[in-house]
Amino acid sequence: MEQGHGTAAKLAALRASIALIGQPAKPGGSVISFGVPAIDDWLPGGGLALGALHEVASGGADIEHGVAAMLLSAGILARLPGQVLWVLERPDLFAPALDAVGLQADRVIYAEAGNAATVLLTAEEGLRHAGLAGVVGELSGKLTLTASRRLQLAAEQAGVTCLVLRRSRRHDDALFSEPTASVTRWRVSALPAPRCLPIRRKLLGWPGLAGGSTWCAVGAASRHPGLWRQQMRRVISIFLPTWPTDLLRRSLSDAMPSADKPLVTAMHDGRRQVVAAADRAARVLGLAPGMPLAQGQALVPGLTVISATPDRDSRALEEAAGWCLRYAPLTAPDSPNGLWIDATGCTHLFGGEIATLTDIVERFGRSGIASRAAIADTPGAAWAMARYGAHQTMSVRPGETAAALRSLPVAALRLDAETVAALIRLGFDRIGQLVDAPRAPFALRFGQLVFRRIDQALGRVSEPIEPIAPPSLVSARLAFPEPLLTPEALSHVIARLTDLVCAELERRGEGARRLDLIFERIDRTEQAICIGTARPTRGPGHLARLLDEQLECVDPGLGIEAMRLTVPLVEPIGFEQPRVSLMGDEDPGADISVLVDRLVNRLGAPKVYRAAPVESDVPERSVGRVGPLSPSVGGRWPKNLPRPARLLRPPQPIEALAMLPDHPPAQFVWRRHRHRIRHADGPERIGGEWWMSDRERSAVRDYWQVEDDDGRRFWLFRSGDAVDPVTGDLRWFLHGFF
């Protein structure tokens, strides 16, 4: 009897231990129930464990797009308070579908990772921030046991729920065949429609739209110490063709003639006066720098002439170079009418290279300064494209410098006028001709300058930029007795520099919005990395970590002898008392700006955003992107018009068989696979937006929600109303998945 009683006690203790293993690891065992006994009774604790890792995948043919799994994940997180980080591998998620299940647009921050390894790394970064309600990572690759353990540990420590949405292009892929550290695994499928849905027209629209139109709407493990990644140099050249005259119009606006009246500056050239600079109106009339002033006055009677002030123009150019520090840490004047910006690793903070160039030109234009800008691999190539390129802003792709320069005139090589004239007399009027010509005869006649300029433009010879450093900026510099080579040593210096800079920012009552770290190598060249913040901050630990993540972009060469940290962009910030809980630890609250900073500096500003409703009839225009910390724009997508969970951009053409004008397709072919339609709902007619384009004035789309024999639901549309040929060519397209 005693032996049987002891065995029963051991079995009871073993059952209790197993039950504890099944419980969520988060203190308190918080769960969220589904309200369905058939599901809750099978889950430990009677619901889905919070602060843990869960895997979700769709069943059947929906495994590729994961619509059912996505809607389940959104429905779960909609019941939790706080912000949600949704990490995308493919940007095909359609925000109105999340809003329809209760997850509002202003609660979701999207991060486009681009590949499976970055998805896992970004999701883990989000899980370490306790201010989030949850993290969703859409993963098309494998989820290894090691990666899942990292996610599970991060979820437990921060108490943030993690849902990994598994996707695969192979419909027979066994996603759950390998073990992981997930607490639960879900396979979700949509039930087929029980009956044929009626065909009906939808005439509802966005409230307030005139005209009554219808409304539509893992990398961290691979970062080994000492492994450097070479980053392609990118240099911006800004050309200010009328810099002296533009300055005069700005400073002496009341005394200057209107912009359509010619204006020149004059200076002495020996015993005569010549035109030093001419504005656009004067150049149109045939005036140019270097022309005798008397000749210019004879050509243009009543010409306005102002004495040239080259010293003042040069100082103003240096000030403009200091103003350009908002874009990159290495800027310099390019006398007499240009600027240099070494934008290596910085353009992603402004939306890319074209967006950066456009912003530069627009800012100069608002100040009354005419400008052109170009970016290329070398200063010489950027200089040539800024002055002789076809457009006001030009971006030469990395590695395409030689092809871009071949068709430019030889004057684009920064040669003096006499050399250019001599080359043209010899029949060499294009750079490509000089590149193909033998060098020895030219060296005898012109020296080494011509081909040195060619080599500099093509990147064969280094051409450093001597940057300026305005004394008003918050800055700290440390020099070393011995050159530094290892990432660990550089990281230690970064920590010291951020402490020095943050102490000065605290004294001034300011916070950093951008930091530039410049590495001075022993070969007299410089490299730089720059970071930005979503809000002004002066936390040394946070800033040091952001800089450390960019160290792999720095090549120390033979060694780094000094490092300089500057803060080109600051904003006032008050003194805040840290919020402390009753337990004595600091309460991080819901402030997610630290997380946003890390994501933006890792993925780029365009890849981190929130979705916002846009009043538009066209589905692909109904969702806009705003900053991840932007205030809510208000407005909601109409709930009475269902929208797909995945939207294809652009719509993909299909072959459909349908009776005209208003019958749904009986079948369609997509990706060489035939889908037979079992149920259909529609049409929903969407008219073109005439104010966007004249081509849309008569354009019409008729949308249908259809379900095939396998239970998959698609969003199809036909271009045209099948009555008036002007409305469309009657082609069919697949636009989304339900």
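Residues numbered from 1 in each chain as written. Predicted model: local features only at pLDDT ≥ 70, side-chain atom pairs only at ≥ 80, totals over all residues. Heavy atoms only, no water.

A.B. asks: Explain the nonpolar core here, please?
C.D. replies: Taken as a class, soluble globular proteins show a tendency for nonpolar side chains to be buried jointly. By size, the foremost hydrophobic cluster in this structure holds 47 residues, and its most contacted members are Trp 86 and Tyr 110. Among the elements that make up this core, the one with the highest residue count is helix α3 (residues 67-78) (seven residues). Core analysis: the second largest hydrophobic core is formed by 30 residues, Leu 85, Ala 147, Leu 595 and Leu 599 among them. (Core = buried A, V, L, I, M, F, W, Y, C linked by side-chain atoms within 4.5 Å. Buried < 20%, exposed > 50% of the residue type's maximum accessible area, 1.4 Å probe, protein only. Helix = DSSP H or I, 4+ residues; strand = E, 2+ residues; numbered from the N terminus.)

A.B. asks: Looking at this structure, how should I read the side chain of Glu 138?
C.D. replies: Along the chain, the position of Glu 138 falls in strand β6 (residues 132-139). A polar contact of 3.1 Å, which involves the side chain of Glu 138, links it to the side chain of Arg 646. Non-local contacts of Glu 138, meaning those with residues more than four positions away in its chain, are made with Met 70, Trp 86, Val 87, Leu 88, Glu 89, Leu 93, Val 119, Leu 165, Arg 167 and Arg 646. (Polar contact = N/O pair within 3.5 Å; in protein donor to acceptor, adjacent residues only side chain to side chain. Contact = heavy atoms within 4.5 Å.)

A.B. asks: I tried to follow helix α11 (residues 353-366) on my own but got confused; where do I start?
C.D. replies: Residues lying three or four places apart along an α-helix face the same way, a consequence of the helix completing one turn every 3.6 residues. In a regular helix each residue adds 1.5 Å, so 14 residues correspond to 20 Å; α11 covers 20 Å between its end C-alpha atoms and thus fits that length. All buried positions along α11 are accounted for by Thr 356, Leu 357, Ile 360, Val 361 and Phe 364. Along the long axis of α11, the arc covered by the buried residues comes to 125°, so they all point the same way. Those residues of α11 that are buried are in contact with β9 (235-239), α10 (310-323), β14 (338-342), β15 (372-376) and β16 (393-395). A positive backbone phi angle near 85° is found at Gly 368, which sits one or two residues after α11. (Expected span 1.5 Å × (residues − 1). Arc of directions from axis to C-beta.)

A.B. asks: How should I be thinking about empty space enclosed by the protein in this particular structure?
C.D. replies: Over the atoms rolls a probe the size of a water molecule, and in doing so it shows where empty space is left. There is about 30 Å³ of room inside the largest cavity. Lining the largest cavity are Val 84, Leu 85, Ile 109, Leu 132, Leu 595, Val 596 and Leu 599. Within the residue set of the lining of the largest cavity, elements represented by two or more residues are β4 (83-88) and α20 (593-603). The element best represented in the lining of the largest cavity is α20, accounting for three residues. (1 Å grid on protein atoms, 1.4 Å probe; cavity = no way out; pocket = protein on both sides within 12 Å on 5 of 7 lines; lining within 4 Å. Points joined across faces, edges and corners; volume = space filled by probe spheres on them.)

A.B. asks: Explain the sheet that holds strand β27 (residues 713-719) to me, please; I cannot follow it from the model alone.
C.D. replies: Note: strands within a sheet are paired through backbone hydrogen bonds, in either parallel or antiparallel orientation. Around the barrel, six strands lie side by side as β23-β24-β25-β26-β27-β28; this closed barrel has antiparallel pairing. Between one strand axis and the next, the sheet turns by 45° as a mean value, whatever way the strands run. Both β27 and strand β28 (residues 732-737) contribute to a ladder of five bridges, which runs antiparallel. Note on β28: the bridge partner recorded for Trp 715 is Gly 736. (Pairing = 2+ DSSP bridges. Axes fitted to C-alpha atoms, helices over the stretch in contact; angles between N-to-C directions.)

A.B. asks: Sorry, what's going on with the sheet that holds strand β12 (residues 304-307) here?
C.D. replies: With respect to topology, three strands assemble into an open sheet ordered β11-β10-β12, the strand pairing being mixed. Only two strands of the sheet have a single partner each, and these edge strands are β11 (272-278) and β12. The sheet shows a mean angle of 45° between the axes of neighbouring strands, direction not considered. Here strand β10 (residues 263-269) pairs with β11 via six bridges, running antiparallel. Bridging across to β11, Val 264 finds its partner in Ala 278. Each of β10, β11 and β12 touches helix α7 (residues 243-251); the most contacted strand, β10, lies at about 120° to it.

A.B. asks: Which parts of the structure should I look at to understand the state of the cysteines?
C.D. replies: Disulfides are covalent bonds that link the sulfur atoms of two cysteine residues. According to the stated counting rule, one finds one disulfide in the structure shown. Each sulfur of the disulfide joining Cys 346 and Cys 530 lies 2.4 Å from the other. On the criterion of sequence distance, the pair formed by Cys 346 in the loop between β14 and α11 and Cys 530 in strand β19 (residues 526-537) is long-range, its members being 184 residues apart. For Cys 346, a relative accessible area of 1% puts it in the buried group. (Disulfide = S-S within 2.5 Å.)

A.B. asks: How should I be thinking about the packing of aromatic side chains in this particular structure?
C.D. replies: Think of a pair of aromatic rings as described by two things: how far the centres are apart, and how the planes are tilted against each other in angle. As enumerated under the stated definition, the model contains 12 aromatic pairs in all. Both rings, one in Tyr 110 and one in Tyr 609, keep their centres 5.6 Å apart while their planes meet at 25°; by these two values the pair is stacked. Look at Tyr 110 and you get buried, because its relative accessible area is 3%. Plain terms: the ring middles of Phe 668 and Phe 714 are 5.2 Å apart, the flat faces sit at 80° to each other, and that makes the pair edge-to-face. Here Phe 714 lies in strand β27 and Phe 668 lies in strand β24 (residues 665-670), a separation of 46 residues in the sequence. (Phe/Tyr/Trp six-rings, centres within 6.5 Å; stacked < 30°, edge-to-face > 60°.)

A.B. asks: How should α10 be read in this particular structure?
C.D. replies: Its 14 residues place the ends of α10 20 Å apart at the C-alpha level, agreeing with the 20 Å of an ideal helix rising 1.5 Å per residue. For α10, the set of buried residues is Asp 313, Ala 316, Leu 317, Ala 320, Ala 321 and Gly 322. Turning to α10, the residues buried within the fold contact α7, β13 (330-334) and β14.

A.B. asks: Honestly, a nonpolar patch on the surface in this entry has me stumped. Any pointers?
C.D. replies: On the surface, Trp 690, Trp 691 and Met 692 cluster together into a nonpolar patch covering about 390 Å² of accessible area. Tracing the chain through its elements places Met 692 in the loop between β25 (673-687) and β26 (700-708). For Met 692, a relative accessible area of 48% gives the class partly exposed. (Patch = residues over 30% accessible without salt bridge, like charges linked within 9 Å, V, L, I, M, F, W, Y side chains within 5 Å. Areas by Shrake-Rupley, 256 points an atom, 1.4 Å probe, with all protein chains shown as cover. Salt bridge = Lys/Arg side-chain N within 4 Å of Asp/Glu carboxyl O.)

A.B. asks: How should the packing of α7 against α10 be read in this particular structure?
C.D. replies: Describing two packed helices takes the angle between their axes plus the distance from one axis to the other. Two numbers describe how α7 lies on α10: the axes approach to 11 Å, and their chain directions differ by 85°. Viewed along their axes, α7 and α10 adopt a mutual orientation that is roughly perpendicular. Seen from α7, the contacting residues are Trp 243, Pro 244, Leu 247, Leu 248 and Ser 251; seen from α10, they are Arg 312, Asp 313, Ala 316, Leu 317 and Ala 320. Among the residues forming the contact of α7 with α10, the class breakdown is seven nonpolar, one polar and two charged. (Parallel < 35°, antiparallel > 145°, perpendicular 65-115°, else oblique. Nonpolar A, V, L, I, M, F, W, Y, C, P; charged D, E, K, R; others polar.)

A.B. asks: What am I meant to see in the confidence of the model for the protein chain here?
C.D. replies: Parts of the model with low pLDDT should not have their predicted coordinates read in detail. Model confidence for the protein chain is summarised by a mean pLDDT of 82, while 87% of its residues fall at 70 or above. Element-level pLDDT for the protein chain is lowest in helix α1 (residues 2-22), with a mean of 65, against a maximum mean of 94 in β15. In this model residues 196-230 is a low-confidence stretch, pLDDT under 50, and it forms 96 contacts with partners more than four residues away in sequence or in other chains. This model gives residues 580-589 a pLDDT under 50, and the stretch forms 11 contacts once residues within four places in sequence are excluded. (pLDDT = per-residue confidence, 0-100.)

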